[in-house]
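# Examination of the molecular architecture
Residue strings, one per chain:
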Amino acid sequence: MLGGRKMRSLRSSGALAAALALAASSLGGCGVNPVTGKSELQFVSESSELQMGEQQYAPTRQGEGGDFNIDPALTEYVRGVGAKLAAVSDRKLPYEFVVLDSSVPNAWALPGGKIAVNRGLLPELKNEAELAAVLGHEITHAAARHGAKAQERGTLLQAGLAVAMIGAAVTDTNETLANLALQGAGAGAQMIQMKYGRDQELEADHYGMVYMQRAGYDLGAAVSLQETFVRLSQGKNQSWLEGLFASHPPSQERVTRNQATLAQLGGGKGDLGAERFTAKMAGLRRMKPAFDKYDQALALASKKDFAGARKLAGEAVQMLPREPRFTQLLGDLAMAQKQPGEAVGHYQKAIDLDPGYFGPYLGGGIAQFKLGNKPRAEEWLKKSSALLPTAPAAYYLGSIAKERGDTAGARQLFQAASGSQSEYGQLAAGEFQRMDLAQNPAQYLATAVRLDGAGQPVFLLQNRAQIPITGISITPVVTDAYGNIVQQGATQALRITLKPGETASVASGLAPMSAAQAASIAVRVTAAQPAP
Ligand SMILES: [Zn+2]
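## Observations regarding the nonpolar core
Residues L85, A132, L135, I139 and M212 are the most contacted members of the largest nonpolar core, which totals 53 residues. Taken together, the elements giving at least two residues each to this core come down to α3 (72-87), β3 (96-100), β4 (107-110), β5 (114-118), α4 (128-143), α7 (187-193), α8 (198-214) and α9 (220-234). Element by element, the count of residues in this core is highest for α4, at 9 residues. If you look at the next biggest cluster of nonpolar residues, it comprises 51 residues, including F306, A343, A393 and L427.

In structure tokens:
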């Protein structure tokens with residue numbers, strides 16, 4: 001465990017150094033906020049902002065449910081409303097808008113104006129002006145550099161770069177059920193799960209309303225929307241708390257402020273677009289019973305009632321056969337019930353329905369691996385990684401590389417996956433250590449010298465790896481005040497096996513000595529092997 005942590009911290013400090021170098025090279029100094037007009041310190045340049053959004057938009061969408069492709073007219077509609085607001089915002093950015101296939105009510109913006117609204121948020125809105133209030137708010141987060149400011153505060157800089165180097169990891173996955181508990185943990189995912197400050201929320205509400213007015217919308221919708229959010233937050237609905245409200249906490253203060261902004265701007269007379277909105281939502285409304293079944297199936301699966309979940313997922317597929325996530329869920333549930341042969345069929349169907357989503361390639365790649373179809377497994381796992389790099393994909397690709405004798409490739413993949421805190425991350429860390437131990441034995445065994453009751457030195461060793469270690473050789477050395485070795489003792493081959501975390505004490509065979517003398521003795525680990 002400690003070995004793994006040490007490697008991670010080494011990597012992070014490298015990332016931090018890189019981040020600092022980047023910050024230093026692009027020191028912007030003083031700038032003017034494009035929305036508020038106030039001067040502020042700006043260390044993240046506009047080109048870095050745009051690059052961050054550009055690089056993270058696609059993987060973040062993948063990690064948050066993937067694009068909602070079965071109602072393209074709905075996405076076109078949301079894009080149209082977004083474009084109207086973007087055109088009158090205070091900052092020209094390469095704005096983009098997309099609807100994601102997630103039941104979690106949420107909306108987010110990445111730096112550079114890359115915005116997404118989840119399918120699950122839309123049915124809670126009453127009219128187009130409320131949608132405009134959501135999008136105007138997110139546009140302001142991007143335009144007013146709120147994400148960039150978080151990077152400047154240092155909260156995201158390090159994490160963002162570390163992830164950019166190793167590829168997004170995945171948290172809380174399960175050996176047989178990689179897809180069901182997937183949560184993106186990439187730089188983009190961190191950015192959208194970040195909580196903005198109270199001032200930034202109020203700023204986004206205020207300028208969102210300014211843009212609404214410029215685009216001709218009724219500002220009363222910004223008030224009614226916040227009232228809805230306050231009511232929903234009092235209901236303590238888990239999906240809301242984990243979704244929109246995690247990054248945008250509603251409050252009576254925001255309702256009151258929006259009422260004041262409405263009075264100040266005098267904008268209660270614009271367009272609500274209620275009929276237009278209702279017409280555009282008709283398709284989604286018809287699909288809602290199927291999505292409800294799907295959500296219930298997911299809830300049962302999370303309680304490990306896989307049979308119950310399969311029944312509901314099957315019903316959802318019957319109701320809406322062209323929805324690729326439903327078919328994928330059947331595959332994930334077959335995997336959970338250890339039926340990879342059946343799962344492959346479901347995953348293939350899901351890929352046919354939506355070849356642009358990583359989920360069925362990942363689940364299907366693991367299923368093919370379990371069936372022994374390694375070339376097909378590798379092909380699908382690589383496709384899933386290209387869309388969204390995940391720890392399970394890196395772990396299985398590493399295993400395939402290792403079997404092929406591609407040691408360098410396997411090491412790299414296992415190391416990348418070991419950056420994840422998930423079960424796959426732990427498995428990959430173990431594999432990496434198995435390959436690395438003989439070359440770097442000292443990294444995985446901590447040593448110390450103690451005096452026993454008779455004043456004789458005893459050598460202590462602790463296994464800090466996740467794998468059992470044997471074949472250990474140690475060499476005692478005497479160092480001077482500067483840590484230079486001035487004398488070297490005989491190397492001892494130890495006949496012990498240490499389990500992860502286990503400590504052993506080894507008689508040194510040296511004569512009794514003072515504590516000061518003992519302090520100049522150290523133990524070097526010169527060899528070690530993974531225990532079978
Ligand atoms: Zn916000």
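## So, unusual backbone geometry
With phi around 65°, R145 is a residue other than glycine that occupies positive phi space. Turning to its location among the elements, R145 is positioned in the loop between α4 and α5 (146-153). Judged by the 24 C-beta atoms lying within 10 Å of it, R145 falls in the buried class. One non-glycine residue, K338, lies in the positive phi region at around 60°. In this structure K338 comes out as exposed when scored by C-beta crowding, with 10 C-beta atoms within 10 Å.

## Here's the deal with the sheet that holds strand β11 (residues 503-507)
Within the open sheet, the 3 strands sit side by side as β6-β7-β11. Their pairing is antiparallel. Across the chains shown, the open sheet's two edge strands, defined by having one partner strand only, are β6 (445-451) and β11. The sheet shows a mean angle of 25° between the axes of neighbouring strands, direction not considered. Pairing geometry for strand β7 (residues 457-463) and β11, over 5 bridges, is antiparallel.

## Quick notes on the confidence of the model for the protein
A residue-level look at the protein finds 86% of positions with pLDDT of 70 or above and a mean pLDDT of 86. Note on residues 1-26: pLDDT under 50 across the span, and 29 contacts to partners over four residues away in sequence or across chains. In this model residues 157-185 is a low-confidence stretch, pLDDT under 50, and it forms 89 contacts with partners more than four residues away in sequence or in other chains.

Calculation rules
Residues numbered from 1 in each chain as written. Predicted model: local features only at pLDDT ≥ 70, side-chain atom pairs only at ≥ 80, totals over all residues. Core = buried A, V, L, I, M, F, W, Y, C linked by C-beta atoms within 7 Å. Buried ≥ 20, exposed ≤ 12 C-beta atoms within 10 Å, placed from the backbone. Helix = DSSP H or I, 4+ residues; strand = E, 2+ residues; numbered from the N terminus. Pairing = 2+ DSSP bridges. Axes fitted to C-alpha atoms, helices over the stretch in contact; angles between N-to-C directions. pLDDT = per-residue confidence, 0-100. Contact = placed C-beta atoms within 7 Å.

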